[in-house]
Amino acid sequence: MATKPPTADIDETRVHVARPKKVAVGVPAVLRALQIANEQMGVARSVQTLRQVNQKDGFDCPGCAWPEEDKRHIAEFCENGAKAVAEEATLRRVGPEFFSAHSIDDLRSHDDWWLGQQGRLTHPMILEDGASHYRPVSWSDALQLIADELRRLDDPDEAVFYTSGRTSNEAAFLYQLLVRGIGTNNLPDCSNMCHESSGSALNETIGIGKGTVSIDDIHDADLLIVAGQNPGTNHPRMLSALEKAKQRGATIVAVNPLPEAGLLRFENPQTVRGVAFGGTKLADDFVQIRLGGDQALFQAIGKHLLEAEASGGGVLDHEFIAAHTSGFDEYRQALTDASWREFVAATGLPEKTLRRVGELVRRSTATIVCWAMGLTQHKHSVPTLREIVNVLLLQGNIGRRGAGVCPVRGHSNVQGDRTVGIYEKPSAAFLDALDAEFAFAAPRAHGFDTVQAIRAMRDGRVRFFMGMGGNFVSATPDTRVVEAAMGRVGLTVQVSTKLNRSHVVTGRRAIILPTLGRTDRDKRGGREQKVTVEDSMGAVHASRGRLAPPSEDLLSEVAIVARLCALLFGDGAVLSSSRDQEMSPTQDASGAIRPTPVTSPDLMTERTSAAGAPGPTDAATAAGSAAEAAGSSADEGGVSRSSVAHPPRADWAALEADYALIRAHIERVLPGFDGYEERVDKGRTLHLPNGPRDARRFATPDGRARFTVNPLEYPRIPRGRLLLQTIRSHDQYNTTIYGKDDRYRGIHGGRRVVLVNPKDIVALGFADGEVVDLVSEWRRPDGAFEERRAEEFRVVAYRTPRGNAAAYYPETNVLVPLDSVADVSGTPTSKSVVVRLERRV
Ligand SMILES: Nc1nc2c(c(=O)[nH]1)N[C@H]1C(S)=C(S)[C@@H](COP(=O)(O)OP(=O)(O)OC[C@H]3O[C@@H](n4cnc5c(=O)[nH]c(N)nc54)[C@H](O)[C@@H]3O)O[C@H]1N2
Ligand SMILES: Nc1nc2c(c(=O)[nH]1)N[C@H]1C(S)=C(S)[C@@H](COP(=O)(O)OP(=O)(O)OC[C@H]3O[C@@H](n4cnc5c(=O)[nH]c(N)nc54)[C@H](O)[C@@H]3O)O[C@H]1N2
Ligand SMILES: [Mo]
């Protein structure tokens, strides 16, 4: 039986700490998944729903972006995938009665868990300026109000349009068109806080902002290094792939400050062996590195390889280096000069451990490096990831079976969203193609990324905010600053499936637009529609929800955006009278779409344009200065204004009624999507082209993969302080909190805990179990000193390196300074926050 939503928050002072687990998944995982599914959906619906996850005619799991295996199990899901599904397919409802029973102040007093547990949103709602409660509003009034607000802007750059990574290709493509049609590139997304550093580093070095391996490569690897990632919790299906690689003889190295259960041992619930015999030992080597020590580790591996080559030879792939790379001599020189002592200081590992990993790499015939947030959310993340590329290039480990780079994506379609244009720094080639397809002129000036958007909101330069999914208020850094920033916006609009903090911390007016999720049947234009998504390895496939939607009153994301487009652009009217109203000479008089296929090779997503600007992949611009350039062009604002001569043209109603027409547009605008419709039909998969993987083709300015020289950086922790990383528990999906347990780490019934090395606890004068405040210390670039406080955290003695601590996100986002971002990529440094513990008085 499904259970009722909670009425009260959980009392976290009763948190209970047990020994961390050494094994991931197994039977307890299945039981926990079924328990949550039954609570949210009841038994019958659970069975019906979970059977369709990741099946060829079912829906794409909204859990993570790990690819499906070609041969699927009957139940191709994992514990956390099942929880993600259950949260969405829940029978609990948040309708108008809920909002009349709860004032905004009341809702604000609850935590993210409570809000999320209330259920699915069922009706469009509006919160008027100064009102105490949301009230229902019709779709047409809500959309008209939004269109009116957008028309009133003095400058399109006063609007910000956020995207989370669950949005389908179809909805995302239409959404970016809406935004560019309005005249801005202000398209921050969750990727800015996630894998932006990966995109930046990979684009510069190998010319594509994505990974270069397929699922088969994982199975065929000889050595897999999994660094800064906790797959047992966040990508559980990856464990099956690692197990398979292992059975074929691969060696697996886990690089992590924490001994994460999933990496150490795995019980595959889908095999008898997994359940009955205690599973597979996954990691052959656990390298317990200090937070932020990875750049040094990969330099050490590189130095070891170069030394081995010098003393015996046969280590490097000279042919590959000569034919496909540049910058090798400078790289070799820099590492010759580098010191093992510094590597030891940065990693906290003895030289012999560093050499041991170096030896594994030397002996490997095919190496893959996988990573996630542990490597992307540091100040020096981009140089760290460049070092990974250096090491792989030395042995020709790109574009070869069983070898390559593997940034493991988070949200299930975050990569697809970027591919189809959710990007604040789009390439000229992409915009040219868009212009041609929709007979308009998209703005060229770069827009705001997530951190830049918050600054603009904080400074009163934003009058309109729209979130296409996600939970901007809780997911972004510096919560107090963001809350105040939201309050300065005139109208905030959230397109959402479930209630979250961004609905209760709002602009002066707020609108909630409830939408369909992945599991919901999407019937438009009289037939069931499918959408498409791209996984972490560039494979695009269809997803079709099968469940009756939670309410009659929901519109799909596509429908919401298409209707806004119709309101804003339908009659060809322009937003601002200051704009040139002339029609483009390429547009025909009826305003019909010009179906010119755009096939310029410059459009390859992995290509950088002539000017070096990246394509619309998960990428930032080339080295150092680019971030500033982007910042300043965005700050100048308005550069683009006069360039929007007229709005995009399309038959919006037709697009809403048949998503295949949107796919046809995508096919004409983006390379690699030829035969889109057909190639995603009947459970087929469209594999997007990947130059480095397919043909050792590198879309860098000189057509070669680049070795880079990166001065060694690592965090220096002031005396008496700790470096805090903010991580996910096993019972959450980003800001959606399923429960207050973190089973693998032994934490039960509470999330306000801080994991600290037992010796540090003593040295700092505290005791295990004590309740403390976490105070972050930040010196601003201008020298001013700032403190931020998160109250009441229980100290837990834990196996983390000396000087390093860990606590959960989003509770600790209050501690992350807005201006503490990664160089080049601008990603908040969520894994690197200097804190002190303070006794509560
Ligand atoms: N169930 C579930 N699945 C999810 C999510 C979820 O919240 N719940 N979120 C999704 C999303 S959007 C994403 S991006 C991914 C996130 O997937 P992960 O990146 O696995 O998530 P985090 O909890 O941030 O874990 C970071 C890991 O890196 C380690 N680490 C931290 N700093 C360092 C470092 O300096 N060096 C090294 N070597 N390791 C370090 C941490 O100890 C931890 O194991 O998961 C996706 N899948
Ligand atoms: N301190 C710290 N901060 C972090 C991180 C960290 O490791 N530490 N990680 C960062 C990372 S990697 C990421 S990706 C971001 C995540 O940032 P977001 O993507 O913004 O956050 P989520 O919590 O995934 O968003 C959850 C909400 O999305 C809505 N939703 C769910 N499914 C759908 C759907 O299909 N359609 C629509 N329209 N809405 C839907 C629901 O209303 C739900 O409440 O957070 C970042 N923030
Ligand atoms: Mo993410």
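Predicted model, so just to flag it, every value in this text is computed and none were measured.

1. Concerning the site of ligand 1
In the vicinity of ligand 1, 32 residues are found, and the nearest of them are Asn256, Glu260, Asp294, Gln732 and Asn734. Val255 has a polar backbone atom sitting 3.1 Å from a nitrogen atom of ligand 1. With respect to ligand 1, the backbone of Asn734 contributes an N or O atom lying 2.7 Å from an oxygen atom. Burial of ligand 1 by the protein chains amounts to 99% of its free accessible area of 910 Å². Mapped by element, the contributors of at least two residues to the shell around ligand 1 are helix H11 (231-234), helix H20 (373-376), strand E25 (722-727) and strand E26 (732-733). The dominant element in the shell around ligand 1, judged by the number of residues it contributes, is H20, at 3 residues.

2. As for the sheet that holds strand E9 (residues 251-255)
Judged by pairing direction, the sheet is parallel, and its 5 strands sit side by side in the order E12-E9-E8-E14-E15 without closing on themselves. Since the sheet does not close on itself, it has two edges, and those belong to strand E12 (285-287) and strand E15 (404-407), each with one partner. Across this sheet, the average inter-strand angle for adjacent strands is 15°, counted without regard to direction. With 5 bridges joining them, strand E8 (residues 223-227) and strand E14 (residues 367-371) adopt parallel strand pairing. Bridging across to E14, Val226 finds its partner in Cys370. The strands touched by helix H12 (residues 236-247) are E8, E9 and E14; relative to E8, the strand with the most contacts, the crossing angle is about 150°.

3. A closer look at unusual backbone geometry
The residue after Tyr809, namely Pro810, is reached through a cis peptide bond having omega 5°. You can see Pro810 is positioned in the loop between strand E32 (804-808) and strand E33 (833-839). One non-glycine residue with positive phi stands out, namely Arg696, at about 50°. Among the secondary structure elements, Arg696 is positioned in the loop between helix H32 (691-695) and strand E24 (705-706).

4. Considering helix H2 (residues 43-50)
Among the residues of H2, Arg45, Ser46, Thr49 and Leu50 are the ones counted as buried. On an axial view of H2, the arc spanned by its buried residues comes to 115°, and they lie on one face.

5. Describing the sheet that holds E32
Here we have 6 strands rolled up into a closed barrel, ordered E25-E32-E29-E31-E30-E33, and mixed in their pairing. The mean inter-strand angle of the sheet, taken between neighbouring strand axes irrespective of direction, is 45°. Sheet analysis places strand E30 (residues 771-779) next to E33, joined by 5 bridges and oriented antiparallel. What sits directly across from Leu774, in E33, is Leu837.

6. Looking at the site of ligand 2
In the vicinity of ligand 2, 30 residues are found, and the nearest of them are Tyr162, Ser164, Ala475, Glu557 and Thr735. Considering only residue class, the shell around ligand 2 consists of 9 nonpolar, 16 polar and 5 charged. Of the domains in this structure, domain 1 (90-94 + 114-186 + 432-683) and domain 3 (722-839) are the two that each give at least three residues to the shell around ligand 2.

7. A word on the packing of aromatic side chains
Across all of its chains, the model carries 13 aromatic pairs by this definition. On the basis of an interplanar angle of 75° and a centroid distance of 5.0 Å, the ring pair of Tyr162 and Phe472 is categorised as edge-to-face. Remark: Phe472 occurs in helix H25 (residues 472-475) and Tyr162 occurs in strand E7 (residues 159-163); sequence separation between them is 310 residues. What makes Phe472 buried here is its relative accessible area of 0%. Site record: aromatic cluster; members linked through ring pairs are Phe98, Phe99, Trp114 and Tyr134. Lying over the aromatic face of Tyr733, Arg166 brings its terminal NZ or CZ to 5.0 Å of the ring centre.

8. Looking at the pattern of salt bridges
With the rule as written, the count across this model stands at 70 salt bridges. For Asp459, the salt bridge identified is with Arg458, shortest N-O distance 2.9 Å. Take Arg458: its relative accessible area is 33%, and that puts it in the partly exposed class. A salt bridge links Asp681 to Lys530, with the nearest nitrogen and oxygen atoms 3.9 Å apart. Of this pair, Asp681 sits in the loop between helix H31 (676-679) and strand E23 (685-687) while Lys530 sits in the loop between strand E20 (527-528) and strand E21 (531-534); the two residues are 151 residues apart in sequence, bridging distant segments of the chain.

9. Here's the deal with the packing of helix H9 (residues 196-206) against helix H21 (residues 381-394)
Closest axis-to-axis distance for the H9/H21 pair is 8 Å, and the angle between their directions is 45°. When the interaxial angle is binned, H9 and H21 end up oblique. Crossing of H9 against H21: the hand is right-handed. Along the contact surface, H9 presents Ser197, Ser198, Ser200, Ala201, Leu202, Glu204, Thr205 and Ile206, while H21 presents Ser381, Val382, Leu385, Arg386 and Val389. Residue composition of the contact of H9 with H21, by class: 6 nonpolar, 5 polar and 2 charged.

10. Notes on the packing of helix H15 (residues 294-311) against H21
Closest axis-to-axis distance for the H15/H21 pair is 8 Å, and the angle between their directions is 20°. Between H15 and H21, the angle falls in the class roughly parallel. Pair H15 / H21 crosses with left-handed handedness. Here H15 contributes Asp294, Gln295, Phe298, Gln299, Ile301, Gly302, Leu305 and Leu306 to the contact with H21, which in turn contributes Pro383, Thr384, Glu387, Ile388, Val391 and Leu394.

11. Remarks on the environment of Asp157
Within the element layout of this structure, Asp157 appears in the loop between helix H7 (139-152) and E7. The exposure class assigned to Asp157 is buried, which follows from its relative accessible area of 13%. The spatial distance from the C-alpha of Asp157 to the C-alpha of Gly447 is 7.8 Å, given a sequence separation of 290 residues.

12. Section: the pairing of strand E22 (residues 539-543)
Counting buried positions along E22 yields 5 of 5 residues, so the element is predominantly enclosed. Examined bridge by bridge, E21 and E22 share 4 bridges and lie antiparallel to one another. Considered in E22, the bridge of Val533 is made with His541. Here E21 folds back onto E22, and the loop between the two strands holds 4 residues, one of which, Gly538, carries a positive phi near 75°. In this structure, E22 lies alongside E23, joined through 3 bridges in antiparallel fashion. Bridged to His541 within E23 is Thr685.

What counts and how
- Residues numbered from 1 in each chain as written.
- Chains lettered and ligands numbered in written order.
- Predicted model: local features only at pLDDT ≥ 70, side-chain atom pairs only at ≥ 80, totals over all residues.
- Heavy atoms only, no water.
- Near = heavy atom within 4 Å.
- Polar contact = N/O pair within 3.5 Å; in protein donor to acceptor, adjacent residues only side chain to side chain.
- Areas by Shrake-Rupley, 256 points an atom, 1.4 Å probe, with all protein chains shown as cover.
- Helix = DSSP H or I, 4+ residues; strand = E, 2+ residues; numbered from the N terminus.
- Pairing = 2+ DSSP bridges.
- Axes fitted to C-alpha atoms, helices over the stretch in contact; angles between N-to-C directions.
- Contact = heavy atoms within 4.5 Å.
- Buried < 20%, exposed > 50% of the residue type's maximum accessible area, 1.4 Å probe, protein only.
- Arc of directions from axis to C-beta.
- Nonpolar A, V, L, I, M, F, W, Y, C, P; charged D, E, K, R; others polar.
- Domains from an automatic or database assignment.
- Phe/Tyr/Trp six-rings, centres within 6.5 Å; stacked < 30°, edge-to-face > 60°.
- Lys NZ or Arg CZ within 6 Å of the ring centre and 35° of its normal.
- Salt bridge = Lys/Arg side-chain N within 4 Å of Asp/Glu carboxyl O.
- Parallel < 35°, antiparallel > 145°, perpendicular 65-115°, else oblique.
- Left-handed = near helix turned anticlockwise from the far one by under 90°.

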